[in-house]
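Structural features, examined
Below, each chain spelled out in residue letters.
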Amino acid sequence: SHITITNDLGEFDLLSGFMNNFIQIVKNGANVLAGYALKLAGLLVIIDMSLSLVLGLVNEDKVKYLFVQVLKVGFFVFLIQNWVNGTFGISHAIVASFEKIGFLASGAATTYLPDNIVQNGITTFAAMWKTIKSLGIGSLGALLANLLIAFGVIGTTFITAIEMFMVRIEFWTIALITIPLLPFGLNKHTSFLAEKAIGAIFSLGIKVSVIAFLSAVACPLLASFAEQIKKQAESGTGALELSSMLQMLLACMVLSVLVHKIPNLAQGLISGSPSLLSGDLFEHGPNPISSAGSGLAAAGAA
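Worth saying up front: this structure is predicted, and the values here are computed from it rather than measured.

So, how was this worked out
- Residues numbered from 1 in each chain as written.
- Predicted model: local features only at pLDDT ≥ 70, side-chain atom pairs only at ≥ 80, totals over all residues.
- Heavy atoms only, no water.
- Helix = DSSP H or I, 4+ residues; strand = E, 2+ residues; numbered from the N terminus.
- Buried < 20%, exposed > 50% of the residue type's maximum accessible area, 1.4 Å probe, protein only.
- Contact = heavy atoms within 4.5 Å.
- Areas by Shrake-Rupley, 256 points an atom, 1.4 Å probe, with all protein chains shown as cover.
- Patch = residues over 30% accessible without salt bridge, like charges linked within 9 Å, V, L, I, M, F, W, Y side chains within 5 Å.
- Salt bridge = Lys/Arg side-chain N within 4 Å of Asp/Glu carboxyl O.
- Core = buried A, V, L, I, M, F, W, Y, C linked by side-chain atoms within 4.5 Å.
- Axes fitted to C-alpha atoms, helices over the stretch in contact; angles between N-to-C directions.
- Parallel < 35°, antiparallel > 145°, perpendicular 65-115°, else oblique.
- Left-handed = near helix turned anticlockwise from the far one by under 90°.
- Nonpolar A, V, L, I, M, F, W, Y, C, P; charged D, E, K, R; others polar.
- Phe/Tyr/Trp six-rings, centres within 6.5 Å; stacked < 30°, edge-to-face > 60°.
- pLDDT = per-residue confidence, 0-100.

1. Description of the overall build of the chain
A tally of regular secondary structure across the chain gives eight helices and zero strands. Written out in order from the N terminus, the α and β elements of the chain read α-α-α-α-α-α-α-α. A burial count over the chain gives 40% of its 302 residues as buried. Considering only contacts within the chain whose residues lie at least 6 apart along the sequence, 77% involve residues at least 24 apart. Carbon and sulfur atoms form 69% of the exposed surface of the chain, whose accessible area is close to 16500 Å².

Here you go:
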């Protein structure tokens, strides 16, 4: 039957509540780490400027050198204090901007969260469970088929939601842990540490953007399948079309693979290590050519 794409936000908000609490913990931790980072920044500046001035390594006017150093120190103090907390909240601005890019790319007018995926899975499972309870022992084949499909749907939707959720957890964790690395940008010999920290945040921002795009594309589709299965369960016949259940299972499996693989591919392109293998989405499967080659090599060795 024809599928009409609708929007179903549901009321499941466990992951969102956990995310809000986690961000609050990260902000509290950022207040602690920012103090140590500022002390480290002061120590690095004193060492760098003392060596440069005492050993005569400054090839320009001393006043100009001091003025430039004051500006650089001021910038890094601002960066450390506003990296997670502060007036500007740089990390929050980055993740919110990349999420917005993903939603704009999909053309969606609604913000979707991992909770929406879970709610659609629960709605579908409840409808399937209603049918399963109405089946008798005489319909053992249909009973087993419904059970497998129902648990397949709920399992894949849970895994997909957790993958989406963990991308945001990963972003905020790295944002917190990179605070002590920012002061190393004040010294040219250790600046690579700060550069990698900032690069990691933007790389994870790309993953968040891809997840937002996939969420905006997949949520309406899954909501449509879930609504159709729910209507069939409530029609009074107590039976569900096998084709509708299989479509829902296939959609959940495809989305699970996409969410697991596509963000990593996008992050690899940004970090400069792209994977151009056509079979990367299915790398967990056996490679018959490699297996055959290993067998021939073993035979030759024998």
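2. A short note on a nonpolar patch on the surface
On the surface, a cluster of nonpolar side chains totalling about 500 Å² of accessible area is made up of Leu43, Ile47, Leu51, Val54 and Leu55. Within the element layout of this structure, Val54 appears in helix H1 (residues 14-54).

3. Re the nonpolar core
Residues Trp83, Val84, Phe171, Trp172, Ile179 and Met248 are the most contacted members of the largest nonpolar core, which totals 69 residues. Broken down by secondary-structure element, the contributors of at least two residues to this core are H1, helix H2 (62-82), helix H3 (90-106), helix H4 (114-134), helix H5 (140-177), helix H6 (191-233) and helix H7 (242-271). Top element by residues in this core is H6. It accounts for 16 residues. The residues contacting Val84, other than those within four sequence positions of it, are Val26, Lys27, Ala30, Gly89, Ser91, Trp172, Ala175, Leu176 and Ile179.

4. Quick notes on the packing of H3 against H5
Helix-helix packing: each pair is described by the crossing angle between the helix axes and the interaxial distance. Between H3 and H5, the shortest axis-to-axis distance is 11 Å and the interhelical angle comes to 155 degrees. When the interaxial angle is binned, H3 and H5 end up roughly antiparallel. Between H3 and H5 lies a crossing of right-handed hand. In this structure, H3 contributes Ser91, His92, Ile94, Val95 and Glu99 to the contact, and H5 contributes Arg168, Phe171, Trp172 and Ala175. By residue class, the composition of the contact of H3 with H5 is five nonpolar, two polar and two charged.

5. Comments concerning the packing of aromatic side chains
Scanning the model with the defined rule gives seven aromatic pairs in all. Taken together, a centroid distance of 6.4 Å and an interplanar angle of 80 degrees make the contact between Phe98 and Phe202 edge-to-face. You can see Phe98 sitting in helix H3 and its partner Phe202 sitting in helix H6, a full 104 residues away along the chain. For Phe98, a relative accessible area of 15% translates into the label buried. For the pair Phe171 and Trp172, a centre-to-centre distance of 5.8 Å together with 85 degrees between the ring planes defines the contact as edge-to-face. Given a relative accessible area of 4%, Trp172 falls into the buried group. Taken together, the aromatic side chains of Phe125, Trp129 and Phe151 make up a single cluster linked through ring pairs.

6. Observations concerning the side chain of Asp48
Structurally, the position occupied by Asp48 is in helix H1. Setting aside its immediate chain neighbours within four residues, Asp48 contacts Tyr65, Gln69, Leu186 and Asn187.

7. Remarks on the pattern of salt bridges
It is possible for side chains bearing opposite charge to pair when their charged atoms get close. Inspection of the entire model under this criterion finds two salt bridges. Of the charged contacts in the structure, one is a salt bridge between Lys207 and Glu170, with a shortest N-O distance of 3.3 Å. Of the two residues, Lys207 sits in helix H6 while Glu170 sits in helix H5, which places them 37 residues apart along the sequence. The exposure class assigned to Lys207 is buried, which follows from its relative accessible area of 7%. On the accessibility criterion, Glu170 (31% relative accessible area) is partly exposed.

8. Quick word on the packing of H1 against H2
Packing of H1 against H2 leaves a shortest axis separation of 10 Å and a crossing angle of 165 degrees. Comparing their axes, H2 and H1 come out roughly antiparallel. Between H1 and H2 lies a crossing whose hand is right-handed. From H1, Ala34, Ala37, Leu38, Ala41, Val45, Asp48, Met49, Ser52 and Leu53 reach across to H2, where they touch Lys62, Tyr65, Leu66, Gln69, Val73, Val77, Ile80 and Gln81. Partitioned by chemical class, the residues of the contact of H1 with H2 number twelve nonpolar, three polar and two charged.

9. Digging into the confidence of the model for the chain
For the chain, the average pLDDT comes to 79, and 79% of its residues sit at 70 or higher. Within the chain, H3 carries the highest mean pLDDT (90), whereas helix H8 (residues 288-301) carries the lowest (50).

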